[in-house]
Amino acid sequence: MSAEGPEVFTFRTKEGLTLMLTEKIQNLIRAALISGRGFNIALSGGSTPGILFEYIVKSYSKDDPGIWEKVHFYWVDERCVPPDHPESNYRMVNDTLLGKLPHSDNYVFRMRGEMEPQAEAARYSQLLKEQLPSVNELPVFDLVLLGMGKDGHTASIFPDQMELLYTDNLCDVGVHPESGQQRLTLTGRVINHADNVFFLVTGKDKATRLTEILGRGKQAETFPASYIKPVHGKLSWFLDDDAAKLLQK
Ligand code: 6PG
């Protein structure tokens, strides 16, 4: 991230967006493998990442020496539902990506939405401490892939629960403000401790919020996504034209 802020990539087509995003992710994985270690990625749910996962599966070539088999898959957040529930982020990632991509099941660390939320948040926090490298006693992801809601939330950190940006808990429990659904979520400090954070935001319904957040408008301070500023890592936004249409050209 340069001194003046994050990298912002805007694409006219979803194909262009997913091609570049896939290449960037694959290059990060290859760099980790060359240095002899695995790659720790945390994936968001929702409806947007599906276009990326479909492209990754479509573009997977057998001659790529199994890079995805060295990837360790974590989740950014999870709805407190069973893994086979239609709203499960694990089910979405499994259906659109993991079920179609050679990977190691030993490296899939799902948040257990079916468990008691606080207990699972504590378990997942401990898992992160045990599994991930750490800097200053905080786990470090190689890459955290985020979405952004129309209300400016990210992960499952909602505007009325900003304390989840600062808690010492690595994983905590959020509550969807409209549905009341409980959700497990990585917290702000973990996300901001990643080496790379990619936002993938598409659609015209995100354009207003995006302009406030990237334009650092007055309202921005009320949106959790505004507080994603990696401490030492790199922040990049990948947008389609619809989402970016109100940004200053
Ligand atoms: C979730 C996600 C959430 C998502 C945003 C955007 O569990 O829903 O992790 O944070 O990234 O809500 O959702 P869409 O991609 O569906 O717009």
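One numbering rule holds for all chains: residues counted from 1, following each sequence as written. Owing to the predicted nature of the model, reporting of local features is limited to residues with pLDDT of at least 70; listing and counting of side-chain atom pairs is limited to 80 or more, with chain, interface and lining totals taken over all residues. By convention in this description, side-chain values take in all heavy atoms of the structure and omit both hydrogens and water.

Undergrad: How would you summarise the packing of aromatic side chains if you had to cite specific residues and measurements?
TA: Stacked, edge-to-face and tilted are the three classes for Phe, Tyr and Trp ring pairs, Trp counted by its six-membered ring, which pair at centre distances within 6.5 Å; planes under 30 degrees apart are stacked, over 60 edge-to-face, the rest tilted. Summed over the entire model, instances satisfying the criterion amount to nine aromatic pairs. Geometrically, the ring pair formed by Tyr74 and Tyr124 is edge-to-face, given 6.4 Å between the ring centres and 80° between the ring planes. Of this pair, Tyr74 sits in strand β3 (residues 71-75) while Tyr124 sits in helix α4 (residues 117-131), placing them 50 residues apart in sequence. Each member of the pair, Tyr74 as well as Tyr124, is classed as buried. Across the ring face of Tyr90, the terminal group of Arg110 is positioned such that the distance to the ring centre comes to 5.7 Å. Whether a charge sits over a ring depends on NZ of Lys or CZ of Arg being within 6 Å of the ring centre and within 35 degrees of the ring normal. A cation over a ring is seen here: Lys229 above Tyr227, with NZ or CZ 5.8 Å from the ring centre. The way it works is that DSSP assigns letters per residue, a run of H or I at least four long becomes a helix, a run of E at least two long becomes a strand, and they are numbered from the N terminus. Buried means the residue's accessible area, taken with a 1.4 Å probe over protein chains only, is under 20% of the maximum for its type, while exposed means over 50%, and partly exposed covers the values in between.

Undergrad: Lay out the environment of Phe73 in plain terms, naming residues and giving numbers.
TA: Mapping Phe73 onto the fold places it in strand β3. Only heavy atoms enter the contact rule, under which two residues are in contact if any of them lie within 4.5 Å. Among residues more than four places away in sequence, those in contact with Phe73 are Ile41, Leu43, Trp68, Leu97, Leu98, His103, Tyr107, Val108 and Phe109.

Undergrad: Tell me about the site of the ligand, residues and numbers included.
TA: We call a residue near a molecule or strand whenever a single non-hydrogen atom of that residue lies within 4 Å of it. Around the ligand there are 15 residues in total, and Ser47, Thr48, Asp77, Ala155 and Lys206 lie nearest to it. Residues adjacent in sequence count toward polar contacts only when both atoms are side-chain atoms; beyond that, a polar contact is any pair of N or O atoms within 3.5 Å, and within protein one must be able to donate a hydrogen and the other to accept it. Lys206 places a polar side-chain atom, nitrogen or oxygen, 2.6 Å from an oxygen atom of the ligand. For the ligand, the protein covers 88% of the area, taking 420 Å² as the surface of the free molecule. Just so you know the grouping, Ala, Val, Leu, Ile, Met, Phe, Trp, Tyr, Cys and Pro go in nonpolar, Asp, Glu, Lys and Arg go in charged, and all remaining residues, Gly too, go in polar. Taken together, the residues that form the shell around the ligand break down as two nonpolar, nine polar and four charged. The protein chains shown are the only cover counted for residues, whose accessible areas, like all others here, come from Shrake-Rupley with a 1.4 Å probe.

Undergrad: Tell me about the packing of helix α1 (residues 14-34) against helix α2 (residues 49-59), residues and numbers included.
TA: Between α1 and α2, whose axes approach to 9 Å, the crossing angle comes to 70°. With respect to their mutual orientation, α1 and α2 come out roughly perpendicular. Crossing of α1 against α2: the hand is right-handed. In contact with Lys14, Thr18, Leu19, Leu21, Thr22, Ile25 and Gln26 of α1, α2 contributes Ile51, Leu52, Tyr55, Ile56 and Ser59. For the contact of α1 with α2, a count of residues per class yields seven nonpolar, four polar and one charged. In this analysis an axis means a line fitted to C-alpha atoms, helices contributing only their contacting stretch, and an angle means the value between N-to-C directions, from 0 to 180 degrees. The scheme is simple: roughly parallel for angles under 35 degrees, roughly antiparallel for over 145, roughly perpendicular for 65 to 115, oblique for anything else. In this scheme the crossing of two helices becomes right-handed for a clockwise turn of the near helix relative to the far one and left-handed for an anticlockwise turn of less than a right angle.

Undergrad: With reference to specific residues and values, describe the packing of α2 against helix α3 (residues 89-96).
TA: α3 packs onto α2 with a crossing angle of 30° between their chain directions and a minimal axis gap of 9 Å. Our classification of the angle between α2 and α3 gives roughly parallel. Where α2 crosses over α3, the two elements pack in a sense that is right-handed. Of the residues in α3, those in contact with Pro49, Phe53, Glu54 and Val57 of α2 are Met92, Val93 and Thr96. Looking at side-chain class alone, the contact of α2 with α3 contains five nonpolar, one polar and one charged residues.

Undergrad: Explain the side chain of Ser226 to me, and be specific about the residues and the numbers.
TA: Along the chain, the position of Ser226 falls in the loop between α6 (207-214) and β12 (234-240). In this structure Ser226 comes out as buried when scored by relative accessible area, which is 12%. Within the structure, Ser226 has its side chain in polar contact with the backbone oxygen of Ala220 (distance 2.7 Å). Apart from the residues within four sequence positions on either side, Ser226 is in contact with Ile213 and Ala220.

Undergrad: Talk me through the sheet that holds strand β8 (residues 143-146); I want residue IDs and the actual numbers.
TA: Whether two strands pair depends on DSSP finding at least two bridges between them. Pairing in this open sheet of seven strands is parallel, and the strands run β1-β12-β11-β8-β2-β3-β5 from one edge to the other. Looking at strand neighbours, the two that pair on one side only are β1 (7-11) and β5 (108-109), the edges of this open sheet. Of the pairings in the sheet, the one linking strand β11 (residues 196-201) to β12 comprises six bridges and is parallel in character. Among the inter-strand pairings, Leu200 is bridged to a residue of β12, identified as Phe238. Contacting β1, β2 (39-43), β3, β8, β11 and β12, α1 crosses the sheet at an angle of about 165° to β11.

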